[in-house]
Amino acid sequence: MLTERKVATLLARNAEVLVTMDGSRRELRGAGLYAVDGFIRQVGPTPELPEAADVVLDLRGQIVLPGLVNTHHHLNQTLTRAFPAAQDAALFDWLSAQYPAWTRIDAEASRVSTLVGLAELLLSGCTTAFDHTYLYRNGNSVDVQVEAAGEIGIRFHASRGSMSVGRSKGGLPPDEAVEDEASILKDSARVIDRFHDPCPGAMTRVVLAPCAPFSVSEDLLRESAALGRARGVRLHTHLAETRDEERYTLERFGVRPVEWMDRLGWVASDVWFAHAVHVSDAEIARFARDGCAVAHCPSSNMRLASGIAPVRKYLAAGVSVGLGVDGSASNDSSNLLLEARQAMLLARLARGLRAQEGEARAGEWMSAREALELATIGGARVLGRDDIGALEAGRCADFFSLDLGAVEYAGALHDPVAATVFCAPTRARFTVVHGRVVVEDGRVATLDMGPVIERHNRLAASLTAAS
Ligand SMILES: [Zn+2]
């Protein structure tokens with residue numbers, strides 16, 4: 001017998017301020033939104049919205065922002081946060097100190113660490129997360145992470161990442177951390193077929209993501225790009241993160257990292273790079289011309305002393321920029337609202353350093369609202385999506401609220417929008433993904449996190465004890 005499917009409606013009302021991030025960047029007072037089946041039907045002043053829905057959130061005293069979009073992460077690394085041997089090291093030494101522990105990650109450790117990182121993201125207002133996993137051993141697979149993301153309720157872009165050049169062939173990772181290229185490509189095709197959803201409102205998409213120039217081959221980069229393009233999925237890798245990487249590509253390939261990628265067809269509109277710190281003006285212009293995008297990860301770049309990405313130059317040139325918490329062992333948090341604050345502060349430090357050189361120009365301040373743009377609509381562009389990142393009719397009902405009565409915002413309510421970035425970040429009161437309440441009153445509503453955290457700590461201890 002056929003039963004009529006019930007339409008699910010959600011009404012969020014009475015927000016003190018609602019930041020739309022729409023084309024005219026409207027900020028509405030006393031407003032809310034109405035959603036049907038996960039898509040926004042209406043945004044506006046509360047009196048103009050429908051009066052009832054299946055789920056009604058009264059957001060009095062709260063500010064509502066579009067769900068934040070994370071464009072670079074390694075969720076499994078929550079298992080090695082503050083790892084003693086990697087606390088005070090730059091990228092190559094930091095990686096080398098942790099590879100042995102990471103090669104022991106199995107399916108359960110991957111599942112639990114994915115849940116922990118995603119919970120932290122959701123509690124910071126993130127509703128769409130990209131993860132760049134590139135180590136698949138001991139039964140770990142993309143499937144484990146996609147399942148965990150579905151369980152907790154976040155919108156998830158999973159990578160089928162990879163490493164294929166171990167130490168014996170001139171790469172950085174130990175040989176036991178890499179896979180053979182035929183297996184990588186076969187599993188990449190399987191994962192795309194199984195999980196990639198190209199439709200508007202998709203909860204799961206797949207990205208092909210060979211790890212970095214110092215851990216994958218020319219062939220794998222070319223083949224991954226060909227497969228990704230044949231199947232319509234985006235491509236991602238780390239690039240120009242450190243001077244050490246630049247020295248590596250110059251010595252091994254005779255060119256700088258961006259030139260290396262360009263030769264392999266990787267500077268293109270379906271690609272985004274993590275970090276892209278050490279780039280010339282000509283390389284920025286090339287990114288702009290070819291439409292490739294950047295995931296800016298300020299905390300990681302500071303933590304590993306990698307450098308300062310030229311974000312103002314990217315934006316001035318028209319390059320799409322989103323934010324990534326990266327890590328989680330190079331941050332060592334998954335708090336995306338905090339990352340927006342770090343992006344604003346680091347851009348200001350960069351301006352200050354240029355001013356000392358006599359190069360600063362007017363208009364180079366990154367404002368709080370610009371940092372929020374990077375974290376929302378900017379991230380959506382980087383992931384190639386026009387259905388998230390803003391609150392307007394037709395887009396996904398992805399948003400979060402912050403309690404303006406929190407002590408952190410006291411004295412800053414003349415501009416609540418700027419306060420969310422200038423002041424210390426607070427935990428989301430509500431986080432809603434595709435019309436579903438995933439964080440409620442500051443707690444993950446879909447999962448009991450207590451036992452997950454306990455298990456995570458036990459797994460982290462056993463992984464690192466053996467290192
Ligand atoms: Zn990374």
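Calculation notes
Numbering of residues begins from 1 in every chain and follows the order in which that chain's sequence is written. Owing to the predicted nature of the model, reporting of local features is limited to residues with pLDDT of at least 70; listing and counting of side-chain atom pairs is limited to 80 or more, with chain, interface and lining totals taken over all residues. The basis for the side-chain values is all heavy atoms of the structure; hydrogens and waters are excluded. Ring pairs are drawn from Phe, Tyr and Trp, using the six-membered ring of Trp, whenever the two centres fall within 6.5 Å, and their geometry is named by plane angle: stacked under 30 degrees, edge-to-face over 60, tilted for the rest. Each residue is assigned to one of three classes by its accessible area relative to the maximum for its type, calculated with a 1.4 Å probe on protein chains only: buried under 20%, partly exposed between the two thresholds, exposed over 50%. Listed donors are limited to N, O and S atoms within 2.8 Å of the metal, widened to 3.2 Å for Na, K and Ca; water is not among them, so incomplete-looking sites are possible. Any coordination sphere not matching a tetrahedral pattern (four donors, all angles between 85 and 135 degrees) or a square planar or octahedral pattern (four or six donors, opposite donors over 155 degrees apart, other angles between 65 and 115) is reported as irregular. Secondary structure follows DSSP: runs of H or I at least 4 residues long count as helices, runs of E at least 2 residues long count as strands, and numbering of each begins at the N terminus. Salt bridges are counted wherever a side-chain nitrogen of Lys or Arg sits within 4 Å of a carboxyl oxygen of Asp or Glu.

Things to note about the packing of aromatic side chains
Counted under the stated rule, the structure contains nine aromatic pairs. A centroid spacing of 6.3 Å and a plane angle of 75° characterise the contact between Tyr248 and Phe253, whose relative ring orientation is edge-to-face. When its relative accessible area of 15% is taken as the criterion, Tyr248 is described as buried. Phe253 gets classed as partly exposed once you look at its relative accessible area, which sits at 22%. Arranged with centres 5.5 Å apart and planes meeting at 35°, the rings of Phe273 and Phe287 form a pair that is tilted.

Considerations on the coordination of the zinc ion
Protein coordination at the zinc ion: the donors are His72 (NE2), His74 (NE2), His238 (NE2) and Asp326 (OD), at 2.1 to 2.6 Å from the metal. In this structure, the zinc ion is surrounded by four donor atoms whose angles at the metal cover 86 to 174°, and the resulting shape is irregular. Along the chain, the residues donating to the zinc ion fall in the pattern H-x1-H-x163-H-x87-D. Within this pair, whereas His74 is found in the loop between strand E6 (68–70) and helix H1 (91–102), its partner Asp326 is found in the loop between strand E13 (321–323) and helix H11 (336–356), the two being separated by 252 residues in sequence.

What to know about unusual backbone geometry
Going from Asn331 to Asp332, the amide bond is cis rather than trans, its omega being -5°. Mapped onto the secondary structure, Asp332 falls in the loop between E13 and H11. One non-glycine residue, Ala240, lies in the positive phi region at around 50°. For Ala240, the location among the structural elements is in the loop between strand E10 (234–239) and helix H6 (243–253). With a phi close to 55°, Ala305 is a non-glycine residue in the positive phi region. The residue Ala305 is located in the loop between helix H9 (298–303) and helix H10 (311–317) in this model.

Notes on the pattern of salt bridges
Taken as a whole and judged by the stated rule, the model has 33 salt bridges. A salt bridge links Lys313 to Asp281, with the shortest nitrogen-to-oxygen separation between them at 2.9 Å. Remark: Asp281 occurs in helix H8 (residues 281–290) and Lys313 occurs in helix H10; sequence separation between them is 32 residues. Overall, the relative accessible area of 51% leaves Asp281 in the exposed class. Here Glu392 and Arg395 are joined by a salt bridge, their closest N and O atoms 2.8 Å apart. What makes Glu392 partly exposed here is its relative accessible area of 25%. By relative accessible area, Arg395 is classed as buried at 15%. One salt-bridge network, held together by shared partners, links Asp143, Arg160, Glu179, Asp187, Arg190 and Arg194.

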